[in-house]
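# Descriptive analysis of the structure
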Amino acid sequence: MSRDEIESVELRAAVLCTPQARASKEAKLAELAQLKAKPTARKKVPVPMADGGTSQEDLGTFWTNMRPNFGPEPSRATTKLSDDEKKALLQIAWVREEAAGMTEARAAET
């Protein structure tokens, strides 16, 4: 390999290994609060970050990871929510519908 090829490979490796800035949990929660409907998994949307930039985040998967907080088994949630965060999210109509659906589904099982 020539010196230029080695430098090119090193540069690509450095770019691929550099961690990308991500939006905070609070920023993602704020973005969820703006949505009119449940987000779609694997669809990335821009979320503002504290430094003024934006991060492409999958809010559907974020919601899926926190959704169990509203059901009968909150310990199954991989994204934990405080009581205040839960109360704030329950002010959103689609979140209330999801939570009610989880409660109804659990009641139907018993």
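Here, every reference points to the structure presented above.
Residues numbered from 1 in each chain as written. Predicted model: local features only at pLDDT ≥ 70, side-chain atom pairs only at ≥ 80, totals over all residues. Heavy atoms only, no water.

### Digging into the overall build of the chain
When its secondary structure is counted, the chain shows 5 helices and 2 strands. When the helices and strands of the chain are read in sequence order from the N terminus, they spell out α-α-β-β-α-α-α. Burial analysis of the chain (110 residues in total) assigns 29% to the buried set. Here the contacts in the chain between residues at least 6 apart in sequence split such that 46% fall between residues at least 24 apart. (Helix = DSSP H or I, 4+ residues; strand = E, 2+ residues; numbered from the N terminus. Buried < 20%, exposed > 50% of the residue type's maximum accessible area, 1.4 Å probe, protein only. Contact = heavy atoms within 4.5 Å.)

### Focus on the pairing of strand 1 (residues 44-48)
Sheet analysis places strand 1 next to strand 2 (residues 54-58), joined by 5 bridges and oriented antiparallel. Residue pairing across strands places Pro-46 opposite Gln-56, the latter belonging to strand 2. If you look at the hairpin formed by strand 1 and strand 2, you'll find 5 residues sitting between the two strands, and Gly-52 has a positive phi there, around 95 degrees. (Pairing = 2+ DSSP bridges.)

### Considerations on the packing of helix 2 (residues 25-34) against helix 3 (residues 59-66)
The geometry of helix 2 relative to helix 3 is characterised by a closest axis approach of 11 Å and an angle of 100 degrees between their N-to-C directions. Relative to helix 3, the element helix 2 is oriented roughly perpendicular. Only Leu-59, Phe-62, Trp-63 and Met-66 of helix 3 make contact with helix 2, whose side of the interface consists of Lys-25, Lys-28, Leu-29, Glu-31 and Leu-32. The residue inventory of the contact of helix 2 with helix 3, partitioned by class, reads 6 nonpolar, no polar and 3 charged. (Axes fitted to C-alpha atoms, helices over the stretch in contact; angles between N-to-C directions. Parallel < 35°, antiparallel > 145°, perpendicular 65-115°, else oblique. Nonpolar A, V, L, I, M, F, W, Y, C, P; charged D, E, K, R; others polar.)

### A word on the environment of Glu-97
One can find Glu-97 in helix 5 (residues 93-109). On a C-alpha basis, the gap between Glu-97 and Lys-38 in space is 9.8 Å, while along the polypeptide they are 59 residues apart.

### A short note on the pattern of salt bridges
Across all of its chains, the model carries 6 salt bridges by this definition. For Glu-57, the salt bridge identified is with Arg-22, shortest N-O distance 2.6 Å. With a gap of 35 residues between them, Glu-57 in strand 2 and Arg-22 in the loop between helix 1 (3-17) and helix 2 connect regions that are remote in the sequence. Classification of Glu-57 by relative accessible area gives buried; the value is 1%. Assessed through its relative accessible area of 56%, Arg-22 is described here as exposed. Salt-bridge contacts for Lys-86 lead to Asp-83; the nearest nitrogen and oxygen are separated by 4.0 Å. With a gap of 3 residues between them, Lys-86 and Asp-83 both fall in helix 4 (residues 83-89), about one helical turn apart. With relative accessibility at 55%, the residue Asp-83 sits in the exposed group. Taken together, the shared-partner salt bridges connect Arg-22, Lys-28 and Glu-57 into one network. (Salt bridge = Lys/Arg side-chain N within 4 Å of Asp/Glu carboxyl O.)

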